[in-house]
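Fold and geometry: a report
So the chains spell out like this:
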Amino acid sequence: MVVRNESEMKTFSSGTGENVKELLGAAVGGTDQHSLAKITIEPGKKSGLHYHPVAEESYLIVSGKGHILMYPVNEKDGETAEKISREMGPGDFVGIRKLHWHEIKNISDSENLVFYAVCAPSWT
């Protein structure tokens, strides 16, 4: 068991526009089967388009405005099916299954997009 304050944790930049503060998970301890991160994206920036071959991921938006893009990956040949595209704001959440391309963009001109991300199994 672990109890911490997020101020104790380091923030790193993903290189694609995300500032990530991993709160729990394999890399920082506290849990083995899932990870929890606080992610901040500055106005106009976005995460890189990516998918997880094993992990499922969930986001809970706490502040700002974002746009989520998701679509499944065809496991055999890498082709994609129908895309899902939606604006998100505080209180909105999304579940992203494994093998689904996803990207989230901050669509605000002035406010950071802040959300929590949970991955199972652990992201790192």
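Coordinates for the structure precede this section.
These remarks concern the structure in this document. (Residues numbered from 1 in each chain as written. Predicted model: local features only at pLDDT ≥ 70, side-chain atom pairs only at ≥ 80, totals over all residues. Heavy atoms only, no water.)

Here the focus is the pairing of strand 9 (residues 113-120). Every other side chain in a regular strand lies on the same face of the sheet, so the side chains alternate between the two faces. Here strand 3 (residues 35-41) runs beside strand 9; their pairing, made up of seven bridges, is antiparallel. Bridge pairing in strand 9 places Ser35 opposite Cys119. Sheet analysis places strand 4 (residues 56-63) next to strand 9, joined by seven bridges and oriented antiparallel. What sits directly across from Ser63, in strand 9, is Val114. (Pairing = 2+ DSSP bridges. Helix = DSSP H or I, 4+ residues; strand = E, 2+ residues; numbered from the N terminus.)

Here we take up the sheet that holds strand 8 (residues 100-106). Spatial strand order, 6-5-8: three strands in an open sheet with antiparallel pairing. Every interior strand has two partners, whereas the edge strands, strand 6 (84-88) and strand 8, have only one. Looking at each pair of strands side by side, their axes are set apart by 15° on average, direction ignored. For strand 5 (residues 66-72) and strand 8, the ladder comprises seven bridges, and the chain directions are antiparallel. Pairing of Leu69 across the sheet is with Glu103, part of strand 8. (Axes fitted to C-alpha atoms, helices over the stretch in contact; angles between N-to-C directions.)

Bringing unusual backbone geometry into the picture now. A cis geometry characterises the amide bond from Ala120 onward to Pro121, with omega recorded as -5°. Along the polypeptide, Pro121 turns up in the segment after strand 9. Unlike most non-glycine residues, Leu99 shows phi in positive territory, near 60°. By the secondary structure assignment, Leu99 is in the loop between strand 7 (93-96) and strand 8.

Here we take up the sheet that holds strand 3. The strand order 1-2-3-9-4-7 describes an open sheet built from six strands, whose pairing is antiparallel. The sheet terminates laterally at strand 1 (12-13) and strand 7, the two strands that pair on one side only.

With respect to the secondary-structure elements, Gly95 resides in strand 7. Judged by its relative accessible area of 55%, Gly95 is exposed. Distance in space between the C-alpha atoms of Gly95 and Ser58 is 4.4 Å, their sequence separation being 37 residues. If near-sequence neighbours (up to four positions away) are discounted, Gly95 is found in contact with Glu57, Ser58 and Met70. (Buried < 20%, exposed > 50% of the residue type's maximum accessible area, 1.4 Å probe, protein only. Contact = heavy atoms within 4.5 Å.)

Turning our eyes to something else, we now look at the nonpolar core. Ranked by internal contacts, the top residues of the largest apolar core, which has 15 residues, are Ile39, Tyr59, Ile104 and Phe115. Breaking this core down by element, the ones donating at least two residues are strand 3, strand 4, strand 5, strand 7 and strand 9. Ile104 has contacts with Ile41, Lys46, Ser47, Tyr59, Ile61, His67, Ile68, Leu113 and Phe115, leaving out every residue within four places of it along the chain. (Core = buried A, V, L, I, M, F, W, Y, C linked by side-chain atoms within 4.5 Å.)

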